[in-house]
Structure formats: structure tokens, C-alpha cells
Amino acid sequence: MNNSVLSVDQLSVSLGSAAARVRPLGPVSLEVGRGEVVGLVGESGSGKSLTLRAAMGLLPAGASVDGGLTFHPKAGASVPAHTARGRGIAMVFQEPMTALNPTMRVGDLVAAGVRQRTGMGRAAAQRQAVELLDAVGIPHPQRRARSWPHELSGGLRQRVVMAAALATDPELLLCDEPTTALDVTVQDQILQLIEGLRRDLGLSVLFVSHDLAVVARLCDRVLVMYAGQVVESGPAATVLGNPGHPYTRALLAAAPSLGRPAGPLVGIGGQPPDARAMPAGCRFAPRCAFAEPTCSATLPILEGPPLHQIACLRVDAVAGAR
Amino acid sequence: MGRFKFVARRLAVTVPLLLAVVLLVFLILAVTPGDPARQIVGLRASAAELARVRAELGLDDPLASQYLRYLGGLLQGDLGFSYKARQPVTQIVGERLPVTAWLLGVGATLAVVIAVPLAIGSALKQRGRLDRAVQVFGLLALTMPSFWVGIVLIRTVAMPTGWFPVGGFGDTTAEHLRSIILPALTLAIGVIPLLVRSLRASILEVLGSDHVTTARAMGLPSRTVMRRFVLRNASAPTISVLSLNLGYLLFGAVVIEATFALPGIGQGLVLAARSRDLPAIQGYALLFGVAVVAVYLLADIVIAALDPRVEIDS
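Structural notes, computed from the coordinates.

1. Quick word on the overall build of chain A
Item 1. Counting secondary structure elements, chain A contains 10 helices and 11 strands.
Item 2. Relative to the 2.2 N^0.38 estimate, which gives 20 Å for 322 residues, the radius of gyration of chain A is 21 Å and therefore close to what a compact globule would have.
Item 3. Taken across its 322 residues, chain A has 51% of its residues classed as buried.
Item 4. Looking at chain A alone, contacts between residues at least 24 apart form 66% of all its contacts between residues at least 6 apart.

2. Focus: the overall build of chain B
Item 1. Looking only at helices and strands, chain B has 14 helices and 2 strands in total.
Item 2. Counting only C-alpha atoms and orienting by the principal axes, one finds that chain B spans roughly 85 × 55 × 35 Å.
Item 3. Buried residues in chain B amount to 41% of all 314 residues.
Item 4. Pairs at least 24 residues apart make up 72% of the contacts formed inside chain B by residues separated by at least 6 positions.
Item 5. Approximately 16400 Å² of chain B is accessible, and the part contributed by carbon and sulfur atoms is 68%.
Item 6. The distance from the centre of the 28 positive side-chain charges to the centre of the 18 negative ones in chain B is 10 Å.

3. Here's the deal with the interface of chain A and chain B
Item 1. Taken together, the contact between chain A and chain B spans 27 residues of the former and 21 residues of the latter.
Item 2. Buried area between chain A and chain B, summed over both chains or domains, comes out near 2000 Å², and the portion from carbon and sulfur atoms is 64%.
Item 3. Broken down residue by residue, the surface that chain A buries against chain B is led by P102, T103 and H150 of chain A, which jointly contribute 26%.
Item 4. Linking chain A with chain B are 1 salt bridge.
Item 5. At the surface where chain A touches chain B, the tally comes to 9 residue pairs in polar contact (both at pLDDT 80 or more).

4. Let's talk about the pattern of salt bridges
Residue and element names in this part refer to chain A.
Item 1. In total, this model carries 16 salt bridges over all chains according to the counting rule given.
Item 2. In this structure, D188 and R217 form a salt bridge, with 2.6 Å as the shortest nitrogen-oxygen distance. Pair noted here: D188 is in helix α6 (residues 184–201) and R217 is in helix α7 (residues 212–218), with a separation of 29 residues, a long-range link.
Item 3. Residue class for D188 comes out partly exposed when judged on its relative accessible area of 30%.
Item 4. Classification of R217 by relative accessible area gives partly exposed; the value is 36%.

5. A few points about the packing of aromatic side chains
All names here are of chain A.
Item 1. Summed over all chains, the structure comprises 6 aromatic pairs over all chains.
Item 2. Each ring, one from Y226 and one from F284, has its centre 5.0 Å from the other, and the planes form 80°; the classification is edge-to-face. Note that Y226 is positioned in strand β9 (residues 221–226) and F284 in the loop between α9 (246–254) and β11 (309–310), a separation of 58 residues in sequence.
Item 3. Assessed through its relative accessible area of 3%, F284 is described here as buried.
Item 4. Put simply, the rings of Y226, Y247 and F284 pair up and form one aromatic cluster.

6. Quick word on the packing of helix α8 (residues 173–207) of chain B against helix α10 (residues 222–244) of chain B
Residues and elements named next belong to chain B.
Item 1. Remark: α8 packs on α10, axes separated minimally by 8 Å, with the N-to-C direction vectors making an angle of 145°. α8 and α10 meet at a crossing whose hand is right-handed. Here L194, L195, S198, L199, S202, I203, V206 and L207 of α8 come into contact with α10, specifically with F229, V230, L231, N233, A234, S235, P237, T238, V241 and L242.
Item 2. Of the residues that constitute the contact of α8 with α10, the class distribution is 13 nonpolar, 5 polar and no charged.

7. Concerning the sheet that holds strand β3 (residues 37–41) of chain A
Residue and element names in this part refer to chain A.
Item 1. Overall, mixed pairing links the 7 strands, which are arranged β6-β7-β8-β3-β9-β10-β11 in an open sheet. Edge positions in the sheet fall to β6 (89–92) and β11, since each has one partner strand and no second.
Item 2. Pairing geometry for β3 and β9, over 4 bridges, is parallel. When the bridges of β9 are listed, V38 appears paired with R221.
Item 3. In the packing of α9 onto the sheet, contacts are made with β9 and β10 (229–235), and the angle to β9 comes to roughly 100°.

8. A short note on the sheet that holds strand β4 (residues 64–71) of chain A
All names here are of chain A.
Item 1. Read from one edge of the open sheet, 4 strands run β2-β1-β4-β5, paired in antiparallel fashion. Lying at the two open borders of the sheet, with one neighbouring strand each, are β2 (22–33) and β5 (79–80).
Item 2. Of the strand pairs in this sheet, β4 and β5 are connected by 2 bridges, and their pairing is antiparallel. Among the inter-strand pairings, F71 is bridged to a residue of β5, identified as V79.
Item 3. Its contacts with the sheet put helix α1 (residues 48–56) on β1 (4–15), β2 and β4, and the angle it makes with β1 is roughly 110°.

9. Quick notes on helix α2 (residues 106–118) of chain A
Item 1. In a regular helix each residue adds 1.5 Å, so 13 residues correspond to 18 Å; α2 of chain A covers 19 Å between its end C-alpha atoms and thus fits that length.
Item 2. Within the span of α2 of chain A, buried status applies to V106, G107, L109, V110, A111, A112, G113, V114 and Q116 of chain A.
Item 3. Looking at the buried residues of α2 of chain A, the elements they touch are α3 (122–135), α4 (141–144) and α5 (154–166) of chain A together with α10 of chain B.
Item 4. Trailing α2 of chain A by a residue or two, G119 of chain A shows a phi angle of about 70°, which is positive.

10. Things to note about the side chain of S12 of chain A
Residue and element names in this part refer to chain A.
Item 1. The topology assignment puts S12 in strand β1.
Item 2. Judged by its relative accessible area of 6%, S12 is buried.
Item 3. Not counting residues up to four positions away in its chain, the partners in contact with S12 are R23, L25, G26, P27, S64, V65 and D66.

11. Quick look at the pairing of β10 of chain A
Residue and element names in this part refer to chain A.
Item 1. The buried fraction of β10 is high, at 6 of 7 residues.
Item 2. Sheet topology places β9 next to β10; 6 bridges connect them, and they run antiparallel. Following the sheet pairing, V224 is matched in β10 by E232.
Item 3. Between β9 and β10, which pair antiparallel in sequence order, lie 2 residues; one of them, A227, sits at a positive phi of approximately 50°.
Item 4. In terms of strand pairing, β10 meets β11 through 2 bridges, oriented antiparallel. Paired with E232 across the two strands is I310, which belongs to β11.

12. Topic: α6 of chain A
Residue and element names in this part refer to chain A.
Item 1. Taking 1.5 Å of rise per residue, the 18 residues of α6 would be expected to cover 26 Å, and the 25 Å separating its terminal C-alpha atoms lies within 8% of that figure.
Item 2. Of the surrounding secondary structure, the elements contacted by the buried residues of α6 are α3, α5, β7 (172–176), β8 (204–209) and α7.
Item 3. Positive phi shows up at G202, right after α6, with a value of about 65°.

13. Quick word on the environment of P96 of chain A
Residues and elements named next belong to chain A.
Item 1. By secondary structure assignment, the location of P96 is in the loop between β6 and α2.
Item 2. Sequence-wise, P96 and Q158 are 62 residues apart; in three dimensions their C-alpha atoms are separated by 5.1 Å.
Item 3. Once you skip the residues sitting within four places of it in the chain, P96 turns out to touch G154, R157, Q158, A181 and L182.

The rules behind each value
- Residues numbered from 1 in each chain as written.
- Chains lettered and ligands numbered in written order.
- Predicted model: local features only at pLDDT ≥ 70, side-chain atom pairs only at ≥ 80, totals over all residues.
- Heavy atoms only, no water.
- Helix = DSSP H or I, 4+ residues; strand = E, 2+ residues; numbered from the N terminus.
- Rg over C-alpha atoms; globule rule 2.2 N^0.38 Å.
- Buried < 20%, exposed > 50% of the residue type's maximum accessible area, 1.4 Å probe, protein only.
- Contact = heavy atoms within 4.5 Å.
- Areas by Shrake-Rupley, 256 points an atom, 1.4 Å probe, with all protein chains shown as cover.
- Lys, Arg positive; Asp, Glu negative; His and termini not counted.
- Charge placed at Lys NZ, Arg CZ, Asp CG, Glu CD.
- Buried area = accessible area lost by both parts, 1.4 Å probe.
- Salt bridge = Lys/Arg side-chain N within 4 Å of Asp/Glu carboxyl O.
- Polar contact = N/O pair within 3.5 Å; in protein donor to acceptor, adjacent residues only side chain to side chain.
- Phe/Tyr/Trp six-rings, centres within 6.5 Å; stacked < 30°, edge-to-face > 60°.
- Axes fitted to C-alpha atoms, helices over the stretch in contact; angles between N-to-C directions.
- Left-handed = near helix turned anticlockwise from the far one by under 90°.
- Nonpolar A, V, L, I, M, F, W, Y, C, P; charged D, E, K, R; others polar.
- Pairing = 2+ DSSP bridges.
- Expected span 1.5 Å × (residues − 1).

Next comes the structure, spelled out in C-alpha cells:
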């Protein structure tokens, strides 16, 4: 696909020592189109963040990666994604409180990114850094560039993290739950910022979140992950409005909503499978209301029209139950 | 800026600390049995002679006024007078101070210059060849007494090559430097294992922190990541370790100066103790105390300069 900016092809990640090797992720395949915002949703441990870290080559020591992660820059040849960190791919993290170096002025951090990408001199990079801080909506950027991280609020810090990511002039932004640690009003400001960047700079975004409302608002396309695999993918409106996979349905039903009349909160019974003992068949089968004996024996693959794919053997029964 | 306030407050605490050191050192002489006047005049002197010297020295005055007089002398750089050596203590200590200052300065520098790369190397490749070698060497170095290390260096380096003198301090700066290298190395070998262990642990901790991941995700060169993101955050505990080991270093200096026949403070202290030269002992003790206070202060200032959060934490 040549209007993709990132191709993930049959990616799996294994972790742990040789004696206790587990494969918490994969195989997973996905594409991020140029200018597209793709959401990756699922509960904790489903492999969302691991996918991003694999793309950045920032997995913990001892992790091994199978499959391809390829970055396709606008100009030039495609390269393995991890070689493009800071050179086309940038990342924004979940925890703005710890993502910044406590002994570095925030302007210096942003300037370091500028210098890395452009080879600019110190003074010019500092000026550029102030402009970037301004661009991400930090008031008094000139003065704020001299601040230490501990002098800033969580929202401002997350803006600094964004500015540091933008300093490397990326085409693809990987966001690892960037709004989870922030309160709702600040969350909204950061989302507006990402929307603006996408609009003004034509950034492609791969956005990891467990917050369905955030994903619905921001993303063009959504991939739902469960136990290290993609179980459903399609346009955000379709997947979240007309979910085809029992897990997606359960996830949506479990999300409290202000719009709905208050009722008892619906959880999903059971626990996600342990990566040390993945079921042979469908990984959601043990928790699934639609499961039949075949589900525990056969691993379903993503099927259906390219625009809305579902990995479920009982997809017709699920659709009928609506 | 909070950090300047921190340093100012730290300085303000230092003043009473120094006064306490002076008081303790003063009391050494005041409570030690034996009459300094008797030491001067000798056993056969008459009672009248003794009384005259006691009055001359002010020994009949109340302790408080003796203390004030001692303090007043100190403020003018007067550490008292050694009747044994027939010299002002300031002069005795002053002649020996540069030797020990060289030893400690070059020793600490060598220790840092050697320990930092070893710590980085062993933290980056945990359980690698270097890491194992450093651990074994560290254990060995901790168990080897410094006088033995000194003798080994003299026998295996100084004597066969002739590059370094086997003892003495020389007269010119170049000679000082040449004669201080081996003693300083001996001193460094004793501290390097402590520094490496502390710094390695801090580096490992910082390497796992989120802001290092941020730096890597920005594609910053690994040298920059190590220097500005890892070392700067990992160095504070090691600076504390270095300053807390000053006592060990001073003690090590006494032994090492003896091994290498260096005319420094350590040797002077031994000489003064052997001849029961109380005013000189008092001078050395005061110097040691002031040095410890000064180094702790310096360490705190360096840490404050490295970490902008110091004021908040304190």
C-alpha cells in the first residue's frame, strides 16, 4: 500500500526468559494511511502499547519481535520503523509527570529534538523550540522554555511532550494514552491540539486508548484488540455504532455513558487469558455469551469486507442478536 | 530561584556547625589530663615558675574566656603555639596541608575519572564481561588494605619503570604531580568500588525511567541520552557517597602518606600524637573537622546545582 505511512505485518512480540517465554502480542497486522487517525482500543494487557513500543524499537530488554514494521516516508525509501524514531516517527506518552527529564529545562528538551533532526545551531534551535511551545498552546513560551518540568502542571507538561515530539518534524505520531492521566478539561484541550495538528500538518496518528469516547471523537478508523490480537477493525462510526464482535459489544456495553439512563454498570465476566496459557481457539471464547464448542477449537481470523472486518466464527449469530 | 535559597539556608546552618567543631576541638585540650604549663617548664621547675607560665598562657582564666580567646585567635588564622615544635601551629599545619590537599584532590579526581566509565559500561551491559570483571575487581579492591596496595604499586610500577618516585613530594609543581600519582591511585583504588557500585545502581534505575524513553523516542544520540538524561539524574547519590566517604579518605591518607613518605597532614598527625604535642593535635583535629563540614557543604551545593527540585524535596 503506497498511501500508508506505517505497515505492521504479522507482528508478534515475545517477552521473558528462555524458560518462561510468553507471546503477549500477535500476530497483528495493520496499516496507518497518510493523514489518517487510527485508534487502537482494548483493555489493559491487550497489546496496544506493546504494538507502539515495538514500532519505536523501545521494547524492554529481552523482548523479541517477529514480523515487519515498516515506515513509508513521504520522500525516500521505506525503512524499518524503529530506525525512523525521531526521523519521521514521534511518540507521545501516557504519563506527563514522568515523561520529562526533571533536570532539563523544557525548552532545552524541545531544542534537543530540533537539533537532532535538523543539525541546527544551539541558538537557532532554542528559537525554534520557543515557536514549537507556542504552537502547542503554551502561554508565554519564551518564559516557559526556561521552566523546569516540576514547575508545570500536568496539562502543560503534556503539551511540552507534544512539542518535543513535533520538534523532530514527524509524519506519524504514535500516542500512548496521552490523555489518560489528565483531567477532563485538559484532556479536551489535548485532543483539540491533536485534531489541529492533524488538520494543519497532515500528521498521521496511531492513537492508543481504552477510552471509547475519546476514540470515537478523534479517530477515522478503529482497531479493537483483545489478548494480543485484532478482533475487529473498521471506520470508527461503524465499529463503535454497529459492533460486530462480541468483545466490542461487551466493551461498549461496559462503558458508562451520560446519555444513557442510569442503570447497573455492566462488566465483562471473567478475565482476559493469561499470556502463558493462551486458548487454542478464539481467545475471547471463555468469556463470550455467543461461544459454541467450535470457538474454543478454531482461531478465527479477520474476515468480511475490507472496510469492516471481524474475527469471529459466530459473526452471523451476533448480528442476529441485535 | 529556590535553589539559591537552599544554598543560603545550607550556608547558614554551616556557621553553628563550625562553632560546634571549634568548641569540641577546644575541649580536647581543656579536658585532656596533664598541664600544658608543666610540659613547658619541665618536672623540676619550681611552683612559682609554673604559676608564672600558667598565668602567661591564661590557663587560670575561666574556661569560657579561654574559649573566646581561642576563637578570636582562629579568626585571625592563629591556631595556637606548639611548644614541642617551637613553631606556631598554623605554620606546622600550613606546610603539610598542600601535600594532603594534592593527595585528596588528585585521588578523588582519579577515582571519578575511572569509576564513571566503569559504571556506565557495566550498567549498559549487565552481567556482561566488563560488569563481571568490575564486580570481582571491586571485591578485591575493598579487601586490599591501602598500605599493601601502595607497596605493590611501588614494587611493580615505581621501581621497575622509574617513572614515579618511591617517596617524597619534590619541590616543583611537576615533581609534586609525579610523586602524587601513585599515592593518589592507591587512595582511588579504595573508593572506586564504592563509587562504581552506587553509580551503576543509579544508572540502571534512571535508564528504566520514562524520561529516558522519551529521549530515545526523539531519536536523540545515545551519548546525549547518557550525559543529559541519565548521568545528570544518577549522579546525586554518588556525590553523597563520595562526600560521606571523606572520613575514610582522610584515614586512608594517613596510611598512604606513611607508605609513600609524603610529608602531609596524616604523617604530621602521627608525629604530633607520638610527641604528645597537644596544640598541634588540636590544629589537625580542627582542620579535619572543618574539611568534613566544607566537603558536605560542597556536595550539597553541587547536588543543588544538578537538580532543580532540591529545594522542594528538602
